[in-house]
Amino acid sequence: MKINLLGVQVDSLDMAGALEKVAGFIAAQKPRQVVTLNPEMLFYAQQKPALKEIINQAHLVTADGVGILWAAKMAGTPLPARITGIDLVWCLAQKAAGEGWRIFFLGALPGVAEEAAAQLQKHYPNLKVAGAFHGYFQPTEESGVITKIRQAQPDILFAALGAPKQEVFTARHLRALNVPVCIGVGGSFDVIAGRVKRMPPWVQKIHLEWLGRLLQEPKRLSRALVLPRFVWLVLKTYRLA
Ligand code: UDP
């Protein structure tokens, strides 16, 4: 089931449901795109119809962030769970290790994708890594990167190029990549490789993870400033209309 949030379709499911969907995509062996939607992306999608279209054409859209859950509640269509990119990476790595699915890691600074893959393999020794490549390639190198991924024949592509770059890249090259599950996972590799620390569980629980990340990486300020505008847009649309 999908709900409509500010013109964007979001899947109403929990992690178990998301994993089941991914398993279905791999069984079907057709290229599919997964978007973990956060409030910034939903906000920008209002201004950029092309981005809205990419999200609406994705085969699975999960609610990444409490802001999306809150907006869904305001819209009168509450969602069952938050499914972040990094939680999906961990859960899919575990499931992939059990199922024998092969994962390609694309993104972050040189060396980080390999490091993230190695960390996941430490936890799940049976995890098969199809390949890894950094996310700072030039436009002229793009077709080489696509060929590399295509030839590695992964079941899952974790694209950690940041939003919305990773969504634009996977949507544009979905057929050429020919990977059953392409997922944009933002800064997950940096966290898994230990380059950026995730906030402790109690901070996550009181929904202040975003504030902790902002303090760690002040360059996120301009992004954080989108949040009050997002809140206002949601209130205007669903409460004041
Ligand atoms: N990144 C990349 N290529 C780029 C720009 C960014 O691989 O051209 C990586 C960056 O190194 C980081 C991730 O993309 O690992 C973006 O992380 P962020 O936390 O900003 O993700 P978001 O929250 O935007 O999804």
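These lines cover the structure that appears in this document, whether it is placed above or below.

Definitions and limits used
- Residues numbered from 1 in each chain as written.
- Predicted model: local features only at pLDDT ≥ 70, side-chain atom pairs only at ≥ 80, totals over all residues.
- Heavy atoms only, no water.
- Salt bridge = Lys/Arg side-chain N within 4 Å of Asp/Glu carboxyl O.
- Helix = DSSP H or I, 4+ residues; strand = E, 2+ residues; numbered from the N terminus.
- Buried < 20%, exposed > 50% of the residue type's maximum accessible area, 1.4 Å probe, protein only.
- Disulfide = S-S within 2.5 Å.
- Near = heavy atom within 4 Å.
- Polar contact = N/O pair within 3.5 Å; in protein donor to acceptor, adjacent residues only side chain to side chain.
- Areas by Shrake-Rupley, 256 points an atom, 1.4 Å probe, with all protein chains shown as cover.
- Nonpolar A, V, L, I, M, F, W, Y, C, P; charged D, E, K, R; others polar.

1. Some thoughts on the pattern of salt bridges
Inference 1: For the structure on display, the rule yields six salt bridges.
Inference 2: Across the pair Arg 223 and Glu 40 runs a salt bridge, and its minimum N-O distance is 2.9 Å. Linking Arg 223 in helix H13 (residues 221-224) with Glu 40 in helix H2 (residues 39-47), this pair joins segments that are 183 residues apart in sequence.
Inference 3: Two residues, Glu 99 and Lys 95, come together in a salt bridge whose shortest N-O distance is 3.5 Å. Taken together, the residues span about one helical turn, with Glu 99 and Lys 95 both in helix H5 (residues 85-99) at a distance of four residues.
Inference 4: When its relative accessible area of 27% is taken as the criterion, Lys 95 is described as partly exposed.
Inference 5: Through salt bridges that share partners, Lys 2, Asp 11 and Lys 21 make up one connected network.

2. A short note on the state of the cysteines
Inference 1: Scanning the model with the defined rule gives zero disulfides in all.
Inference 2: In this model Cys 91 remains outside any disulfide bridge; the closest cysteine sulfur is found in Cys 182, 19 Å from its own.
Inference 3: We classify Cys 91 as partly exposed; its relative accessible area is 24%.

3. Comments concerning the site of the ligand
Inference 1: In the neighbourhood of the ligand, 16 residues make up the surrounding shell, with Gly 135, Tyr 136, Lys 165, Asp 190 and Arg 220 lying closest.
Inference 2: With respect to the ligand, the backbone of Gly 162 contributes an N or O atom lying 3.2 Å from an oxygen atom.
Inference 3: Separating an oxygen atom of the ligand from a side-chain N or O atom of Arg 223 is a distance of 2.9 Å.
Inference 4: Coverage of the ligand by the protein amounts to 80% of the 550 Å² it exposes when considered alone.
Inference 5: Broken down by class, the residue content of the shell around the ligand amounts to six nonpolar, five polar and five charged.

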